[in-house]
Amino acid sequence: SIDNSYKTIYEYRDLFSMFFRNEVNVNNVANFPESIRRVVLTSDTDSTIFTSQELIFWFLGKEEFNNKGLAIQGFLTLLSTFTTSHVLMKMMAQFNTVKSRLKDIYMKNEFTFDYYATTQAGKHYYATISVQEGNVFKNKEREVKGVHLKSSNLPKHIRELANEMMNEIMDKTINNEKLSLNYYLNYVKDIENNIINSIKSGDVSYFKVYKVKDKDSYKEDVFNVYNYYLLWNQVFGHKYGNIETLPYQAIKFNTTLSNKTELKNWVESLDDDFKIPAQIWLTQYNKKDLPTIMLPLDILRSYGIPKEISLIVDYRSIVKELCNVFYILLESLGFYIKEDLIISDYF
């Protein structure tokens, strides 16, 4: 049990302190993989971030941003700098360095983050910078780290909404305003709903555009994007318009047809003028599932997603991929979404 583990560790605390957390390390300590490291707020290969939050709030008696708190932060940073210098000088002394060279290795504080938000994703955080290497900024700058928080693959308006959410959270906190988790849950829920409604209406701004080429551009006997051209013309073209020339632009959608049963049920639900050609196409290419489908861009812009296909588009997977940045931001507010859910499921 956890309690028993704690009691055992506590019983042997002197052993651990002496041999696993000794303050005076030998110079080959890097070859000691069994050593125990203290947990820190966040770290990287070339830096460590420490926080003075708890001490400041303890000293002030409340959680608030003000000049007195900033002064305490500055003093604690100064003490930390002296401590770091002392540790580095001890290390140099262990190397038998002459006294005049004990200060040859040094470190500097790079940033002061007034607001700093961590997430469950490694090396993903957002913050405000007030000081950089001793230079105090008149206006705080923003720091965003992590590919999922600033992914260039996301549509521009999704990135803008995520940046607005981050900036609002930071600004309200620094201005000592209360944050409402319910407000941000609704904020993300509305984005999810807007994505689904926009896609159904034919908005393709959320997707990458693919080019479907002629048959000779692909390997034979391998299911490829050219087969989606045949699927469209054979099954849906008579109602929504055939694709007359190749190449053409298309959008790829994930579907819910991940197995034979789902695929069969969908085909059976279609009207006969779609069902019969769909069955012929599936038999011809021996398809047991259809996890993705590519639809002509011009058709989507004219009609939106055909109702026969809209039934099997996996909107949830699309939403989860596009809204992952918001789920990470919600983690910084203490809300952790279950892996198989989206925010709309909670309402």
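The model shown is predicted, which means the values in this text are computed figures rather than measured ones. (Residues numbered from 1 in each chain as written. Predicted model: local features only at pLDDT ≥ 70, side-chain atom pairs only at ≥ 80, totals over all residues. Heavy atoms only, no water.)

Peer 1: Tell me what's going on with the overall build of the protein chain, and back it up with residues and numbers.
Peer 2: Each helix and strand counted, the protein chain has 13 helices and eight strands in total. For 347 residues, the compact-globule estimate of 2.2 N^0.38 gives 20 Å, and the C-alpha radius of gyration of the protein chain, at 29 Å, exceeds that figure by more than 25%. Taking the principal axes of its C-alpha atoms as reference, the protein chain extends roughly 90 × 45 × 45 Å. Looking at the protein chain residue by residue over its 347 residues, the buried ones come to 35%. Within the protein chain, contacts between residues separated by at least 24 positions form 61% of all contacts whose residues are at least 6 apart in sequence. Put simply, the protein chain shows about 22,600 Å² of open surface, and 51% of that area lies on carbon and sulfur atoms. (Helix = DSSP H or I, 4+ residues; strand = E, 2+ residues; numbered from the N terminus. Rg over C-alpha atoms; globule rule 2.2 N^0.38 Å. Buried < 20%, exposed > 50% of the residue type's maximum accessible area, 1.4 Å probe, protein only. Contact = heavy atoms within 4.5 Å. Areas by Shrake-Rupley, 256 points an atom, 1.4 Å probe, with all protein chains shown as cover.)

Peer 1: Please give an account of the packing of helix α5 (residues 156-174) against helix α6 (residues 181-200) that cites residues and values.
Peer 2: α6 packs onto α5 with a crossing angle of 175° between their chain directions and a minimal axis gap of 12 Å. Of the possible angle classes, the one that applies to α5 and α6 is roughly antiparallel. Every residue of α6 that contacts α5 at Ile-158, Leu-161, Glu-164, Met-165, Glu-168, Ile-169 and Lys-172 is listed here: Tyr-183, Tyr-184, Tyr-187, Val-188, Ile-191 and Ile-195. Among the residues forming the contact of α5 with α6, the class breakdown is 10 nonpolar, no polar and three charged. (Axes fitted to C-alpha atoms, helices over the stretch in contact; angles between N-to-C directions. Parallel < 35°, antiparallel > 145°, perpendicular 65-115°, else oblique. Nonpolar A, V, L, I, M, F, W, Y, C, P; charged D, E, K, R; others polar.)

Peer 1: Residues and numbers for the environment of Asn-163, please.
Peer 2: Here Asn-163 shows up in helix α5. In this structure, the C-alpha to C-alpha distance between Asn-163 and Val-325, residues 162 residues apart in sequence, is 9.9 Å.

Peer 1: Account for the packing of helix α8 (residues 260-269) against helix α9 (residues 272-284), with residues named and values stated.
Peer 2: One can describe the packing of α8 onto α9 by two numbers: an axis separation of 8 Å at closest approach and a directional angle of 150°. As summarised for this structure, α8 and α9 are arranged roughly antiparallel, according to the angle between their axes. Mapping the contact onto sequence places Leu-263, Val-267 and Glu-268 in α8 and Lys-275, Ala-278, Gln-279 and Leu-282 in α9. Of the residues in the contact of α8 with α9, the class split is four nonpolar, one polar and two charged.

Peer 1: Which residues make up the sheet that holds strand β3 (residues 111-118), and what values do they have?
Peer 2: Spatially, the three strands line up as an open sheet ordered β3-β4-β5, and their pairing is antiparallel. One side of each edge strand has no neighbouring strand; the edge strands of this open sheet are β3 and β5 (135-145). Within the sheet, the average angular offset between the axes of one strand and its neighbour, ignoring direction, is 15°. Two strands pair when backbone bridges link them, and β3 and strand β4 (residues 125-132) are joined in this way by seven bridges, in the antiparallel orientation. From the neighbouring strand, Ala-117 faces β4, where its bridge partner is Tyr-126. (Pairing = 2+ DSSP bridges.)

Peer 1: Please provide a residue-by-residue account of the pattern of salt bridges, values included.
Peer 2: Counted according to the given criterion, the structure contains 11 salt bridges. Residue Asp-171 is joined to Arg-142 by a salt bridge in which the shortest nitrogen-to-oxygen separation is 2.7 Å. Pair noted here: Asp-171 is in helix α5 and Arg-142 is in strand β5, with a separation of 29 residues, a long-range link. In this structure, Lys-275 and Glu-268 form a salt bridge, with 3.9 Å as the shortest nitrogen-oxygen distance. Assessed through its relative accessible area of 16%, Lys-275 is described here as buried. Residue Glu-268 is classed as partly exposed on the basis of its relative accessible area of 41%. A cluster of three or more residues bridged by salt bridges with shared partners is formed by Glu-268, Asp-272 and Lys-275. (Salt bridge = Lys/Arg side-chain N within 4 Å of Asp/Glu carboxyl O.)

Peer 1: Lay out the pairing of strand β7 (residues 248-257) in plain terms, naming residues and giving numbers.
Peer 2: Where strand β6 (residues 209-212) and β7 come together, four bridges link them in antiparallel fashion. Following the sheet pairing, Tyr-210 is matched in β7 by Ala-250. Summarising the sheet, β7 and strand β8 (residues 290-296) pair through six bridges and their orientation is antiparallel. When the bridges of β8 are listed, Leu-257 appears paired with Leu-290.

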